[in-house]
Amino acid sequence: MPVGRRADSESRKIWRQCREVIPGGVNSPVRAFRSVGAMPVMVKRAKGSKLWDCDGNTYIDYIMSWGPLILGHAPDVVVKALERAVRRGTSYGLPTAAENELARLITGAFPSIEKVRLVNSGTEAAMSVIRLARAFTGRDKILKFDGCYHGHADSLLVAAGSGVATFGIPGSAGVPKETVAHTLTARYNDLDSVRALLRANRKGRKSKIACIIVEPVAGNMGVVGPVEGFLSGLRELTAKEKILLIFDEVITGFRVAWGGAQERYGVEADLTVLGKIIGGGLPVGAFGGRREIMDHLAPEGPVYQAGTLSGNPLAVAAGIAALKALRRRGTYAKLEKLGASLEEGLKAATANAGVKASVNRVGSMLCAFLDNGPVRNYDDAKKSDTAMFARYHNAMRRNGVLLAPSQFEAAFVSLAHSDSDIAKTVDLAQKALKRAGR
Ligand SMILES: *Cc1c(COP(=O)(O)O)cnc(C)c1O
């Protein structure tokens, strides 16, 4: 029987209706909660760290819309900015001063980004950045890592993380072999696997590879941080062969530091993909980098890329408000502290419950893998006990803590989470793990 808390009849009724007209009843597959054998949480509203379902149950939320809500749900600054913006019009399809402001917040945070283009999702940004990298280098091949997710564009749906990992599918139906023939996959945190592919893909002395795209902190196979030397090693290897290094910072941008993973680890990318946080909870993506590369985009250059709603005034207003709130002194120290206390609490909880687990954390993104660890790549992550994870997840949900419904997703702590939210979560986790481990 699918898990829901008591009196979930309203949620169940709505879900049944959704399934009649929407595939699986959801507009993005992981929301179906199938991998934990449950039904979705049907949301009524949310504020701060809390979320309410259609039956009045309250949850401490760690899904946080899968990353964007670093200020928590419906923060006043973003709500007010949206109220002001909506009265001035919802879309013009023409440029605005606000886009300049958001672009400059981004270029100010990321020294490697001189110019940036705004789009509507991370998928769109990743798809476009690959086209740009291929055009700039005149090469077709791209290299990605096993377990990294860069949205659902055809050429990137190979050995992908997130929902693809959750459902254990190798890629996706409907993607022609020819489309992914140019996509190489290496092992995360393993420079030797990269070197081998670089060696095998040269013509004479010239590389056939346009770019290496990587999540500098992997957040779609659970959370897997880069081992010492991995990112700087990629930087060296790519520079040598004039391959573009692309950091997909859709999750990490403005989360693991104001300047993303590039600031945190001191490694600069040639091109950066952004999304999630920069939209303040509205649909935004972006990609940017050095001027000489970005100026290959139309109308300056020959690479076509466009969008009716790109730079949308509501999304841009929300993004500006969110980034300005994040820029305040002390926000990242606070996120680090909250993340650390959840990490320590969960480590103690798993030990006390007698459950083998390894807790990976970078700043405010965290994952408790139910396995022996250490987890340094997707193969390690896959050793986790997903059946135990499902029992753990459902027990937490019954007690009012909402974790992402997959072992291969991150938990996100926001500035709206309180010390007491964390303490309550840890306490419930210990009880849930004790039962789930049996
Ligand atoms: C979420 C995500 C994407 C895709 O963004 P969407 O807005 O869902 O299309 C791309 N890359 C990474 C690293 C992500 O986490």
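Residues numbered from 1 in each chain as written. Predicted model: local features only at pLDDT ≥ 70, side-chain atom pairs only at ≥ 80, totals over all residues. Heavy atoms only, no water.

### Considering the sheet that holds strand β9 (residues 209–214)
Taken together, seven strands build an open sheet; the order of strands is β4-β12-β11-β10-β9-β5-β6 and the sheet is mixed. The sheet terminates laterally at β4 (115–119) and β6 (183–186), the two strands that pair on one side only. Across this sheet, the average inter-strand angle for adjacent strands is 20°, counted without regard to direction. Lying on the sheet, helix α4 (residues 122–137) is in contact with β4, β5 (141–145), β9, β10 (244–248), β11 (271–274) and β12 (285–289); it crosses β11 at an angle near 165°. (Pairing = 2+ DSSP bridges. Helix = DSSP H or I, 4+ residues; strand = E, 2+ residues; numbered from the N terminus. Axes fitted to C-alpha atoms, helices over the stretch in contact; angles between N-to-C directions. Contact = heavy atoms within 4.5 Å.)

### Description of the pairing of strand β13 (residues 358–362)
Across the five residues of β13, four count as buried, placing the element largely inside the fold. Sheet topology note: the β13/strand β14 (residues 365–369) ladder contains five bridges and is antiparallel. When the sheet's bridge partners are listed, Val362 is paired in β14 with Met365. A loop of two residues connects β13 with β14, the two strands running antiparallel in sequence, and Gly363 in this loop sits at a positive phi of about 60°. (Buried < 20%, exposed > 50% of the residue type's maximum accessible area, 1.4 Å probe, protein only.)

### Regarding the nonpolar core
With 42 residues, the main nonpolar core has Leu143, Phe145, Tyr188, Val194, Ile212 and Leu234 as its most contacted residues. Lining this core are residues from two domains, each supplying at least three of them: domain 1 (10–74 + 330–436) and domain 2 (76–326). Counting residues in hydrophobic clusters, the runner-up holds 40 residues, among them Ala38, Leu370, Leu403 and Ala436. (Core = buried A, V, L, I, M, F, W, Y, C linked by side-chain atoms within 4.5 Å. Domains from an automatic or database assignment.)

### A closer look at the domain arrangement of the protein
In terms of domains, the protein is made up of domain 1 (10–74 + 330–436) and domain 2 (76–326). Here the C-alpha centre of domain 2 lies 25 Å away from the C-alpha centre of domain 1. On the domain 2 side, the residues contacting the 37 residues of domain 1 number 39 residues. Together, the buried faces of domain 1 and domain 2 total about 3,000 Å²; carbon and sulfur atoms form 63% of this surface. When residues of domain 1 are sorted by the area they lose upon contact with domain 2, Tyr332, Met365 and Tyr378 head the list and together hold 22% of the total. On inspection of domain 1 and its partner domain 2, the count reaches three salt bridges. Ionic pairing is found between Asp76 and Lys47, a salt bridge with its closest N-O pair at 2.9 Å. For the pair domain 1 and domain 2, the interface holds twelve residue pairs in polar contact (both at pLDDT 80 or more). (Buried area = accessible area lost by both parts, 1.4 Å probe. Salt bridge = Lys/Arg side-chain N within 4 Å of Asp/Glu carboxyl O. Polar contact = N/O pair within 3.5 Å; in protein donor to acceptor, adjacent residues only side chain to side chain.)

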